[in-house]
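Examination of the molecular architecture
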Amino acid sequence: VQLQASGGGLVQAGGSLRLSCAASRLAFSSYVMGWFRQAPGKEREFVTRISRGGVYTYYADSVKGRFTISRDNAQNTAYLQVNSLKPDDTAVYYCAASSPRTGRSYMNPVDYEYWGQGTQVTVSS
């Protein structure tokens, strides 16, 4: 199983990026997909997640209204559109895949079996 995250970069505050997470050797449509981020010296934090069919999404309060998660099951790819970026959004962004199980909130990193390598997003003020 491989999750390949891409699309990060250096942007000015207020800018946008589109992050992608391409999955291989994974029954992609069977997994809840999530995005987390980790800033230097901080713990990995939940950003957003999307249901297997793409209907249900959930966002951390800090990104609500600015970030949008989506997925294309035919292309085995999840996306994270990040708009109105702030310097506080600077972090390594990770995508992750979780097999649905009762009791999972999908907001905790331990709920996810597979992780991408991360893509760096740096927002300058």
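Described in the following lines is the structure provided in the data block. Keep in mind the model is a prediction, meaning the values are calculated, not measured.

Overview of the packing of aromatic side chains
Enumeration according to the criterion identifies nine aromatic pairs in this entry. Taking the centre distance of 5.7 Å and the plane angle of 75 degrees together, the rings of Phe36 and Phe46 count as edge-to-face. Pair noted here: Phe36 is in strand β4 (residues 32-38) and Phe46 is in strand β5 (residues 45-50), with a separation of 10 residues, a long-range link. Accessibility assignment for this pair places Phe36 and Phe46 in one class, buried. Ring centres of Phe67 and Tyr93 lie 6.5 Å apart, and the angle between their planes is 50 degrees; this geometry places the pair in the tilted category. Of this pair, Phe67 sits in strand β7 (residues 67-72) while Tyr93 sits in strand β9 (residues 91-98), and the two are 26 residues apart along the sequence.

Thoughts on the nonpolar core
Ranked by internal contacts, the top residues of the largest apolar core, which has 36 residues, are Leu3, Met33, Trp35, Phe67, Leu80 and Tyr93. Sorting the residues of this core by element identifies β1 (2-6), β3 (17-24), β4, β5, β7, β8 (77-82), β9 and β11 (119-124) as the ones contributing at least two each. The dominant element in this core, judged by the number of residues it contributes, is β9, at five residues. Setting aside its immediate chain neighbours within four residues, Leu80 contacts Leu17, Arg18, Leu19, Trp35, Val47, Thr48, Phe67, Thr68, Ile69 and Tyr93.

Some words on the state of the cysteines
Taken as a whole, this structure holds one disulfide when the rule is applied. The residue that forms a disulfide with Cys21 is Cys95, at a sulfur-sulfur distance of 2.1 Å. Across the S-S bond linking Cys21 and Cys95, the dihedral sits near 70 degrees, which makes this disulfide right-handed. Here Cys95 lies in strand β9 and Cys21 lies in strand β3, a separation of 74 residues in the sequence.

What about the pattern of salt bridges?
One side chain can pair with another of opposite charge once the charged atoms of both are near each other. What the rule picks out here adds up to six salt bridges. Residue Asp89 is joined to Arg37 by a salt bridge in which the shortest nitrogen-to-oxygen separation is 2.9 Å. Here Asp89 is found in the loop between β8 and β9, whereas its partner Arg37 is found in strand β4, with 52 residues between them in sequence. Grouping residues by exposure puts Asp89 and Arg37 together as buried. Between Asp61 and Lys64 there is a salt bridge whose closest N-O contact spans 3.1 Å. Judged by relative accessible area, Lys64 falls into the partly exposed class, the value being 48%. Residues participating in the shared-partner salt-bridge network are Arg37, Glu45, Arg66 and Asp89.

Reading guide: rules and limits
Residues numbered from 1 in each chain as written. Predicted model: local features only at pLDDT ≥ 70, side-chain atom pairs only at ≥ 80, totals over all residues. Heavy atoms only, no water. Phe/Tyr/Trp six-rings, centres within 6.5 Å; stacked < 30°, edge-to-face > 60°. Helix = DSSP H or I, 4+ residues; strand = E, 2+ residues; numbered from the N terminus. Buried < 20%, exposed > 50% of the residue type's maximum accessible area, 1.4 Å probe, protein only. Core = buried A, V, L, I, M, F, W, Y, C linked by side-chain atoms within 4.5 Å. Contact = heavy atoms within 4.5 Å. Disulfide = S-S within 2.5 Å. Salt bridge = Lys/Arg side-chain N within 4 Å of Asp/Glu carboxyl O.

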